[in-house]
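Listed below, chain by chain, are the residues.
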Amino acid sequence: MKRFDVTFKGKVMPQHSPEQVKAGFVELFRIQDPAMLEEIFSGETVVLRSNLDRKTAAEYFAKANKLGAVVELDSSTARPREPV
């Protein structure tokens, strides 16, 4: 089964402010460290969530886009989890 990573390069949609998107990320991704939040918005490619199934990756993609973030879905390079 194909797995996906949700990635972000710090870009915000024109109709949204970076402050609004940051506030949304704090809630959506449960970010507690302000330094981590600044790193996420640094402009470098950051993997927000990795090794997700298609449905979960699509949910994060939709939620982040709704917040105003320009995110991407990439094929995951992580090894698939072994069934328990």
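Our structure is the block above this text.
Treat the numbers as computed from the prediction; the structure is a model and nothing was measured.

**Comments concerning the sheet that holds strand β1 (residues 4–12)**
Part 1 of the argument: Spatially, the three strands line up as an open sheet ordered β2-β1-β3, and their pairing is antiparallel. Two strands bound the open sheet, and with one partner strand each, they are β2 (46–52) and β3 (69–75). Each neighbouring strand pair of the sheet contributes to a mean axis angle of 25°, computed without reference to strand direction.
Part 2 of the argument: Relative to β3, β1 runs antiparallel, the two sharing six bridges. In the strand pairing of β3, Val12 is matched with Ala69.
Part 3 of the argument: Along the sheet, helix α1 (residues 18–28) contacts β1, β2 and β3; its crossing angle with β1, the most-contacted strand, is approximately 150°.
Part 4 of the argument: Sitting on the sheet, helix α3 (residues 54–67) touches β1, β2 and β3, and the angle it makes with β3 is about 165°.

**Points about α1**
Part 1 of the argument: The complete set of buried residues in α1 reads Val21, Gly24, Phe25 and Leu28. Viewed end-on, α1 has its buried residues packed into an arc of 105°, placing them on one side of the element. Along α1, exposed side chains directed more than 90 degrees from the buried face belong to Glu19 and Glu27.
Part 2 of the argument: A positive backbone phi angle near 55° is found at Arg30, which sits one or two residues after α1.

**Points about unusual backbone geometry**
Part 1 of the argument: Phi is positive for Arg30, close to 55°, though the residue is something other than glycine.
Part 2 of the argument: Along the chain, Arg30 falls in the loop between α1 and α2 (34–40).
Part 3 of the argument: On the basis of relative accessible area, Arg30 is assigned to the exposed category, the value being 72%.
Part 4 of the argument: The phi angle at Asn51 is positive, at roughly 55°, despite the residue not being glycine.

**Some details on the pattern of salt bridges**
Part 1 of the argument: Applying the stated rule across the entire model yields three salt bridges.
Part 2 of the argument: Its salt-bridge partner being Lys22, residue Glu38 comes within 3.3 Å of it at the nearest N-O pair. Here Glu38 is found in helix α2, whereas its partner Lys22 is found in helix α1, with 16 residues between them in sequence.
Part 3 of the argument: Note that Glu59 and Lys55 form a salt bridge whose closest N and O atoms lie 3.2 Å from each other. Here Glu59 pairs with Lys55, and both are found in helix α3, just four residues apart, close to one helical turn.

Each value, and the rule that gives it
- Residues numbered from 1 in each chain as written.
- Predicted model: local features only at pLDDT ≥ 70, side-chain atom pairs only at ≥ 80, totals over all residues.
- Heavy atoms only, no water.
- Pairing = 2+ DSSP bridges.
- Helix = DSSP H or I, 4+ residues; strand = E, 2+ residues; numbered from the N terminus.
- Axes fitted to C-alpha atoms, helices over the stretch in contact; angles between N-to-C directions.
- Contact = heavy atoms within 4.5 Å.
- Buried < 20%, exposed > 50% of the residue type's maximum accessible area, 1.4 Å probe, protein only.
- Arc of directions from axis to C-beta.
- Salt bridge = Lys/Arg side-chain N within 4 Å of Asp/Glu carboxyl O.

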